[in-house]
Amino acid sequence: MASPVPSISELVAKARLVFEQSFGGDGPEVAVCAPGRVNLIGEHTDYNQGFVLPMALPLVTVIVGSMTSGQSVSIITAAKDVEEPRRVNFDLPNDMTPLSPGKPSWANYVKGVVQHYRAPPVPGFRAVIASSVPLGGGLSSSASVEVAMYTFLQQLKPDDGDKVAKAVACQKAEHTHAGVPCGIMDQFVSVLGREAHALLIDCRSLEAIPVPLADPGLVILITNSNVKHSLTGSEYPSRRRQCEEAAAILEKASLRDTTLKDLEDAKAHLDNETYRRARHVVEEIERTTQAAEALKRGAYQEFGNLMVESHNSLRDLFEVSCKELDELVTAAMEVKGVFGSRMTGGGFGGCTVTLLQAGAIDRTIEHIQRQGHSLRMLNLNSTDSNTNSNCNSLSDPVCLNVGGEIYT
Ligand code: GAF
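Named according to an unreviewed UniProt entry, the protein is BTB domain-containing protein originating from Umbra pygmaea. Its UniProt record, at the heading Sequence similarities (unreviewed entry), says of the protein: "Belongs to the GHMP kinase family. GalK subfamily."

And the structure:
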């Protein structure tokens, strides 16, 4: 009933075939990959310097390719549902001239990472991208392309290997070349995520604590509303701006430094919308640390209750949910054995994430489908994750980055 997740080897084989058909010659010398993510709780808190609790997924972006002697890049995407053309060539600037973003938009992630690579100048290369992360599904397809691209460049010309700096460089690529003023969560967990763990990330100090998530009695179900979200519109930047305005009025560096009491005391100075945005963030930061504690104790019902509170707050205060996401959460919560459910990611469409007892998986999927949703679902048993699996489908050298580790 749940969709099978293509393995990393299958994606590498697909990308390799496209490489050989398009470029001929000896085939690719390098293969890398980086995961998408699902955020369990802590939404729209990262750019407010708060906490987030995402986990890396077995859905990944793979890049295969080789260095060339020239000063140009030729990149092809074999990912689903992307804008044409699927092949883009560009020259690498031989001075400090920036690489301008343009059309097709998928190539901007590549250009952005080339621009912000921490060991310039980048050598010429040709490469093929393949991905199992759904585009516009709120599962960080863009961060997984950025981190895979960065990892690919590391294989051609190593940088100093600093993982946090790598995530920050990929975040910059998203800012300058995709035009999304995102926080650090997606790139951070794509680089530093660990198998069978969620990551409690402090988005101010950029420190992270792995929280074990490998109970065979527990399932994480991701349900795609099939409403495509795009964060490049005005909504995401405007939410970020409202949060910054609220912090400025409260005379705080960020909403991380704000308590509920501060907010209530200043309510008269904030317009109602700004107040509600700020209230979501302040309470969500608190919920996220509580949820991480609950997960550590195996208190799944407590965790689930916090997920539902988070969803309601995103729906009513932050206003980034939509009818389809709300319906999916309601349907999931009607099933016995479901602990909690919420929208995940930036919002305005995309996926929900549901925490449930393993024994409840079939009836949960059936129930959601009976509500009239014809949905693509991904059943992620946390013990069944292949986010750190290696792949040997290329002849040497083989380099894979999954969850931040490089295997050669
Ligand atoms: C998107 C952004 F890219 C993240 O940085 C984060 O703000 C998220 O939306 C909302 O929590 O995925």
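Trainee: Lay out the site of the ligand with the relevant residues and their values.
Mentor: In the vicinity of the ligand lie 13 residues, with E43, H44, D46, D186 and Y236 positioned nearest. Interatomic distance of 2.8 Å between a side-chain N/O atom of D186 and an oxygen atom of the ligand. Taken by itself the ligand offers 310 Å² of open surface, and the protein chains cover 97% of this. Grouping the amino acids of the shell around the ligand by side-chain chemistry returns five nonpolar, four polar and four charged.

Trainee: Explain the pairing of strand β4 (residues 72–77) to me, and be specific about the residues and the numbers.
Mentor: Extensive coverage of β4 is indicated by the burial of five of its six residues. Note: β4 against strand β5 (residues 87–91), five bridges, orientation antiparallel. Counted as the bridge partner of S72 is D91 from β5. As paired strands, β4 and strand β6 (residues 125–131) are joined by five bridges and run parallel to one another. Within β6, the residue paired with T77 across the bridge is I129.

Trainee: Any details on unusual backbone geometry? Residues and values, ideally.
Mentor: P85 follows E84 through a cis peptide bond whose omega is -5 degrees. Tracing the backbone through its elements, the reader meets P85 in the loop between β4 and β5. Looking along the chain, the bond that leaves P120 and enters P121 is cis, with omega of -5 degrees. Among the secondary structure elements, P121 is positioned in the loop between α2 (106–116) and β6. A positive phi angle is found at E319, which is not glycine, with a value near 55 degrees. Tracing the chain through its elements places E319 in the loop between α9 (300–316) and α10 (323–333).

Trainee: An account of the packing of aromatic side chains is needed here, citing residue identities and associated values.
Mentor: If you walk through the whole model with that rule in mind, you get five aromatic pairs. Ring geometry for Y300 and F339: centres 5.7 Å apart, planes at 50 degrees, overall tilted. With Y300 in helix α9 and F339 in strand β10 (residues 338–343), this pair connects stretches of sequence that are 39 residues apart. We note that Y300, like F339, is buried. Above the plane of the ring of F90 lies K111, whose end atom (NZ or CZ) is 5.7 Å from the centre. The cationic tip of K267 hangs over the ring face of Y275; the distance from NZ or CZ to the ring centre is 4.5 Å.

Trainee: For the nonpolar core, give the residues involved together with the corresponding values.
Mentor: Of all hydrophobic cores here, the largest spans 54 residues; its most connected members are L40, L53 and F303. Those elements giving two or more residues to this core turn out to be β3 (54–67), β7 (197–202), β9 (218–224), α6 (235–249), α8 (272–297), α9, β10 and β11 (351–357). Top element by residues in this core is α8. It accounts for nine residues. When near neighbours in sequence (up to four residues on either side) are disregarded, L40 contacts L53, P54, M55, A198, L213, I220, F303, M307, R342 and V353. Membership of the second largest hydrophobic core comes to 44 residues, among which are A107, M149, C170 and A173.

Trainee: Can you explain the pattern of salt bridges? Please cite residues and give values.
Mentor: Applying the stated criterion to the full structure yields 23 salt bridges. One salt bridge connects R86 with E84, and the closest N-O pair in it is separated by 3.7 Å. A relative accessible area of 56% means that E84 is categorised as exposed. Residue D159 pairs with R118 through a salt bridge whose shortest N-O separation is 3.4 Å. Placement of the pair is D159 in the loop between α3 (141–156) and α4 (163–178) and R118 in the loop between α2 and β6, with a sequence separation of 41 residues. Here D159 falls in the buried class, since its relative accessible area comes to 15%.

The rules we used
- Residues numbered from 1 in each chain as written.
- Predicted model: local features only at pLDDT ≥ 70, side-chain atom pairs only at ≥ 80, totals over all residues.
- Heavy atoms only, no water.
- UniProt positions renumbered as here; feature names shortened; annotations may be inferred.
- Near = heavy atom within 4 Å.
- Polar contact = N/O pair within 3.5 Å; in protein donor to acceptor, adjacent residues only side chain to side chain.
- Areas by Shrake-Rupley, 256 points an atom, 1.4 Å probe, with all protein chains shown as cover.
- Nonpolar A, V, L, I, M, F, W, Y, C, P; charged D, E, K, R; others polar.
- Buried < 20%, exposed > 50% of the residue type's maximum accessible area, 1.4 Å probe, protein only.
- Helix = DSSP H or I, 4+ residues; strand = E, 2+ residues; numbered from the N terminus.
- Pairing = 2+ DSSP bridges.
- Phe/Tyr/Trp six-rings, centres within 6.5 Å; stacked < 30°, edge-to-face > 60°.
- Lys NZ or Arg CZ within 6 Å of the ring centre and 35° of its normal.
- Core = buried A, V, L, I, M, F, W, Y, C linked by side-chain atoms within 4.5 Å.
- Contact = heavy atoms within 4.5 Å.
- Salt bridge = Lys/Arg side-chain N within 4 Å of Asp/Glu carboxyl O.

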